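The primary structure of each chain is shown beneath.
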Amino acid sequence: LDAATGKVGTKFGSDQLTATGHVLVSADGKLLAVTEDGPVAPNKTGWRVRVYDTATGKQLHDLDTGDAPVAFSPDNRSLATRSQFSFTVWDLGAK
């Protein structure tokens with residue numbers, strides 16, 4: 001939402017979501033990582049991390065994990081996530 005004009009900006013997410021958790025924006029503002037509660041696989045639900053292009057709202061990655069996003073690498077090619085007892089580094093460079 002643009003505070004000056006009241007115009008709605010890019011909408012992120014899906015109509016299938018039931019909750020949104022952690023939100024992380026990359027240092028350059030180009031990527032948004034969101035922990036969302038939604039379908040993990042057919043007939044299953046669970047937490048996952050989705051990565052979006054902030055300019056277009058297009059979903060770029062759908063990571064099947066219950067972890068929370070912690071940090072993007074400086075070049076946006078990796079995303080670190082954390083769970084209760086560990087960290088995972090995801091390669092985002094493939095897309």
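Residues numbered from 1 in each chain as written. Predicted model: local features only at pLDDT ≥ 70, side-chain atom pairs only at ≥ 80, totals over all residues. Heavy atoms only, no water.

**Concerning the side chain of Ser26**
Put simply, the rule is: Helix numbers and strand numbers start at the N terminus; a helix is a DSSP run of H or I with at least 4 residues, a strand a run of E with at least 2. With a 1.4 Å probe rolled over the protein chains alone, any residue whose accessible area is under 20% of its type maximum counts as buried; one over 50% counts as exposed, and the rest are partly exposed. Two residues qualify as a contact provided that any one of their heavy atoms is within 4.5 Å of a heavy atom in the partner residue.
Mapped onto the secondary structure, Ser26 falls in the loop between β1 (19-25) and β2 (31-41). When its relative accessible area of 4% is taken as the criterion, Ser26 is described as buried. For Ser26, the residues in contact, after removing those within four places along its chain, are Leu31, Phe72 and Asn76.

**Observations concerning the pairing of strand β6 (residues 78-82)**
Going by this rule: Should DSSP find at least two bridges between two strands, the strands are regarded as paired.
As defined by bridge partners, strand β5 (residues 68-72) adjoins β6 across four bridges and the pair is classed as antiparallel. Paired with Ala68 across the bridge in β6 is Arg82. Linking β5 back to β6 in an antiparallel pair, the connection comprises five residues, with Asn76 at a positive phi of about 65°. In the sheet, β6 pairs with strand β7 (residues 87-91) via five bridges, with the strands oriented antiparallel. Bridge assignment links Ser78 to a residue of β7, and that residue is Asp91. Hairpin connection, β6 to β7: the antiparallel pair is bridged by four residues.

**Quick look at the environment of Lys58**
Within the secondary structure, Lys58 is located in the loop between β3 (44-53) and β4 (59-63). You can call Lys58 exposed: its relative accessible area is 55%. Residues Lys58 and Thr10 lie 48 residues apart in sequence; the distance between their C-alpha atoms is 9.5 Å. Not counting the four nearest positions on each side in its chain, Lys58 is found in contact with Val51, Tyr52 and Asp53.

Coordinates in, geometry out; function isn't part of it.
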